[in-house]
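Coordinate analysis (summary)
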Amino acid sequence: MSIFGFQPSVPWVPTRDEVVEKLLELLKPQPGDRVYDLGCGDGRIAIAVAKRYPDAHVRCLEIRQDLVEKAKANARDKKARVEIIRADFFSYNIGDADIVYMYLLTSVNQKLRPKLEEELKPGTVVVTLDFPIPEWSEVARVELPRSWQRTLYVYIVGYSDRLPHERSQEALLRGLQRINLEALPEPERGRIKSLLG
Ligand SMILES: C[S@@+](CC[C@H](N)C(=O)[O-])C[C@H]1O[C@@H](n2cnc3c(N)ncnc32)[C@H](O)[C@@H]1O
């Protein structure tokens, strides 16, 4: 039990290095962007993003005190500028996010979905590893064939969370500025071109 009175909703399983590399290739934070890892474990994603994109503001939310301490020590060792906050992601407002990463569970994504829809602004990029967000349509999917952590689902708020006739092209375009299309396999690039009409 944590001081917040909650059990962690998901156990700590760190994202593997090869997936971290793919994520760094895929994401293209703009200067000043706010990037979150919801349930950031030992901070490896947040630290890697902060090192690769020093103009981004990276925030790492983690409920377990031991992992918060580990993430802080890792950030210090790597001289990474990351905000590491002990928080329950269900009750922390993430409305200033431009990019959100989540390696959780489908059941947890399902519970987080109303919060994501309420707080995140159109154009925010949400990437989940292995577990999709129920009822959202990804704009791209990246498969990593040699890894057991093998699928990155890429969503854009204002597009992925809407019914087809309500999807915002403006949100899609805004989100796509934060994705490196070159990092996508050809069929996925083609899919995005078709979304752009
Ligand atoms: C599967 S691990 C992913 C860790 C990290 N994002 C990574 O990819 O290496 C999920 C993390 O979420 C944390 N967590 C679970 N429930 C949480 C909650 N309600 N609020 C904040 N963190 C939570 C766990 O302690 C764990 O570190």
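Below, the structure is looked at part by part.

Thresholds, definitions, all that
Residues numbered from 1 in each chain as written. Predicted model: local features only at pLDDT ≥ 70, side-chain atom pairs only at ≥ 80, totals over all residues. Heavy atoms only, no water. Helix = DSSP H or I, 4+ residues; strand = E, 2+ residues; numbered from the N terminus. Expected span 1.5 Å × (residues − 1). Buried < 20%, exposed > 50% of the residue type's maximum accessible area, 1.4 Å probe, protein only. Arc of directions from axis to C-beta. Contact = heavy atoms within 4.5 Å. Disulfide = S-S within 2.5 Å. Near = heavy atom within 4 Å. Polar contact = N/O pair within 3.5 Å; in protein donor to acceptor, adjacent residues only side chain to side chain. Nonpolar A, V, L, I, M, F, W, Y, C, P; charged D, E, K, R; others polar. Pairing = 2+ DSSP bridges.

Comments concerning helix H3 (residues 65-77)
Taking 1.5 Å per residue, 13 residues should reach 18 Å; H3 reaches 18 Å between its end C-alpha atoms and fits that length. Taken as a whole, H3 has its buried residues at Leu67, Val68, Ala71 and Ala75. Each buried residue of H3 lies within a common arc of 105 degrees when the element is viewed along its axis, so the set occupies one face. Of the exposed residues in H3, those oriented more than 90 degrees away from the buried face are Arg76 and Asp77. Tucked inside the fold, the buried residues of H3 contact helix H2 (44-52), strand S2 (57-62) and strand S3 (82-86). Downstream of H3 by a residue or two, Lys79 has a phi angle that is positive, lying close to 50 degrees.

Examining the state of the cysteines
Defined simply, a disulfide is a covalent bond joining two cysteines at their sulfur atoms. In this structure the tally under the stated criterion is one disulfide. A sulfur-sulfur distance of 2.1 Å marks the disulfide that ties Cys40 to Cys60. Residues Cys40 and Cys60 are joined through a disulfide that is right-handed, its torsion about the S-S bond being 85 degrees. On the criterion of sequence distance, the pair formed by Cys40 in the loop between strand S1 (34-38) and H2 and Cys60 in strand S2 is long-range, its members being 20 residues apart. With relative accessibility at 4%, the residue Cys40 sits in the buried group.

Brief notes about the site of the ligand
Around the ligand, the structure places 24 residues, and the nearest of them are Ser9, Thr15, Gly39, Glu62 and Asp88. The backbone of Ser9 places a nitrogen or oxygen atom 2.8 Å from a nitrogen atom of the ligand. The separation between an oxygen atom of the ligand and a polar side-chain atom of Thr15 is 2.4 Å. Across the shell around the ligand, the residue classes tally to 15 nonpolar, four polar and five charged.

Here's the deal with the pairing of strand S6 (residues 140-143)
Here S6 shows a clear split, with Ala140 and Val142 buried on one side and none of Arg141 and Glu143 buried on the other. The sheet contact formed by S6 and strand S7 (residues 151-156) spans four bridges and is antiparallel. The residue bridging Glu143 from the neighbouring strand is Thr151, located in S7.

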